[in-house]
Amino acid sequence: MIELNVEGMTCQHCVRAVTEAVRTIHPGAEVAVDLETGKVRIPAAAAQEQPALVAAIEEEGYKVTSSP
(Lines give C-alpha, C1' and ligand atoms only; values in the text may rest on other atoms or scores of the structure.)
Protein backbone atom coordinates (compact mmCIF):
# COMPACT_ATOMS: atom_id res chain seq x y z
CA MET A 1 0.00 0.00 0.00
CA ILE A 2 1.09 3.53 -0.72
CA GLU A 3 -0.04 6.39 1.50
CA LEU A 4 0.59 9.98 0.44
CA ASN A 5 -0.08 13.36 2.00
CA VAL A 6 -1.62 15.62 -0.62
CA GLU A 7 -1.91 19.36 0.01
CA GLY A 8 -4.45 21.58 -1.71
CA MET A 9 -7.48 19.29 -1.88
CA THR A 10 -10.61 21.16 -0.82
CA CYS A 11 -13.64 19.58 -2.51
CA GLN A 12 -15.08 16.58 -4.34
CA HIS A 13 -13.64 17.87 -7.62
CA CYS A 14 -10.20 17.56 -6.02
CA VAL A 15 -11.00 14.00 -4.92
CA ARG A 16 -12.06 13.11 -8.46
CA ALA A 17 -8.97 14.76 -10.01
CA VAL A 18 -6.60 12.91 -7.68
CA THR A 19 -8.43 9.61 -8.14
CA GLU A 20 -8.30 9.92 -11.93
CA ALA A 21 -4.61 10.89 -11.81
CA VAL A 22 -3.84 7.76 -9.77
CA ARG A 23 -5.83 5.60 -12.18
CA THR A 24 -3.78 6.83 -15.16
CA ILE A 25 -0.82 5.06 -13.52
CA HIS A 26 -2.64 2.22 -11.73
CA PRO A 27 -5.86 1.51 -13.69
CA GLY A 28 -8.73 0.23 -11.61
CA ALA A 29 -7.05 1.20 -8.34
CA GLU A 30 -9.19 1.48 -5.24
CA VAL A 31 -8.22 5.00 -4.17
CA ALA A 32 -9.17 6.26 -0.71
CA VAL A 33 -9.01 10.06 -0.43
CA ASP A 34 -9.58 11.75 2.94
CA LEU A 35 -10.16 15.49 2.45
CA GLU A 36 -9.92 16.23 6.19
CA THR A 37 -6.46 14.76 6.64
CA GLY A 38 -5.18 15.17 3.07
CA LYS A 39 -4.28 11.49 2.94
CA VAL A 40 -4.51 9.41 -0.20
CA ARG A 41 -4.21 5.62 0.09
CA ILE A 42 -3.71 3.28 -2.85
CA PRO A 43 -4.00 -0.24 -1.34
CA ALA A 44 -2.83 -2.37 -4.27
CA ALA A 45 -0.07 -0.06 -5.50
CA ALA A 46 3.52 -1.22 -5.41
CA ALA A 47 6.34 0.92 -4.03
CA GLN A 48 7.98 1.23 -7.45
CA GLU A 49 4.82 3.01 -8.68
CA GLN A 50 5.12 5.80 -6.11
CA PRO A 51 7.24 8.23 -8.19
CA ALA A 52 4.84 7.98 -11.14
CA LEU A 53 1.80 8.36 -8.85
CA VAL A 54 3.31 11.44 -7.21
CA ALA A 55 4.10 12.97 -10.61
CA ALA A 56 0.57 12.34 -11.89
CA ILE A 57 -1.02 13.95 -8.83
CA GLU A 58 1.37 16.92 -8.93
CA GLU A 59 0.51 17.45 -12.61
CA GLU A 60 -3.03 18.12 -11.38
CA GLY A 61 -1.68 20.98 -9.25
CA TYR A 62 -1.38 19.39 -5.81
CA LYS A 63 1.69 19.11 -3.59
CA VAL A 64 2.51 15.55 -2.55
CA THR A 65 4.67 14.23 0.27
CA SER A 66 5.12 10.68 1.48
CA SER A 67 3.45 9.71 4.68
CA PRO A 68 5.86 8.79 7.48
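Residues numbered from 1 in each chain as written. Predicted model: local features only at pLDDT ≥ 70, side-chain atom pairs only at ≥ 80, totals over all residues. Heavy atoms only, no water.

### Some thoughts on the overall build of the protein chain
Worth spelling out the cut-off: What counts as a helix is a DSSP run of H or I of at least four residues, what counts as a strand is a run of E of at least two, and both are numbered from the N terminus. Within these notes, the globule rule equals 2.2 Å times the number of residues to the 0.38 power, and the radius of gyration is based on C-alpha atoms. Using a 1.4 Å probe on the protein chains alone, a residue whose accessible area is under 20% of its type maximum counts as buried, one over 50% counts as exposed, and one in between counts as partly exposed. Residues are treated as being in contact if the distance between any of their heavy atoms lies within 4.5 Å. Each accessible area is a Shrake-Rupley result for a 1.4 Å probe, and residues are judged covered by the shown protein chains and nothing else.
A tally of helices and strands in the protein chain yields 2 helices and 4 strands. Listing the helices and strands of the protein chain from first to last along the sequence gives β-α-β-β-α-β. For the protein chain, whose C-alpha radius of gyration is 10 Å, the value lies close to the compact-globule estimate of 11 Å for 68 residues. Sorting the 68 residues of the protein chain into buried and exposed places 41% on the buried side. Taking as baseline every contact in the protein chain between residues at least 6 positions apart, the subset at least 24 positions apart corresponds to 67%. Summing over all exposed atoms, the protein chain offers an accessible surface of approximately 4000 Å²; the carbon and sulfur share of this is 50%.

### Description of the environment of V40
For V40, the location among the structural elements is in strand β3 (residues 39–42). Classification of V40 as buried rests on a relative accessible area of 0%. Placed 34 residues apart in sequence, V40 and V6 show a C-alpha to C-alpha distance of 6.9 Å.

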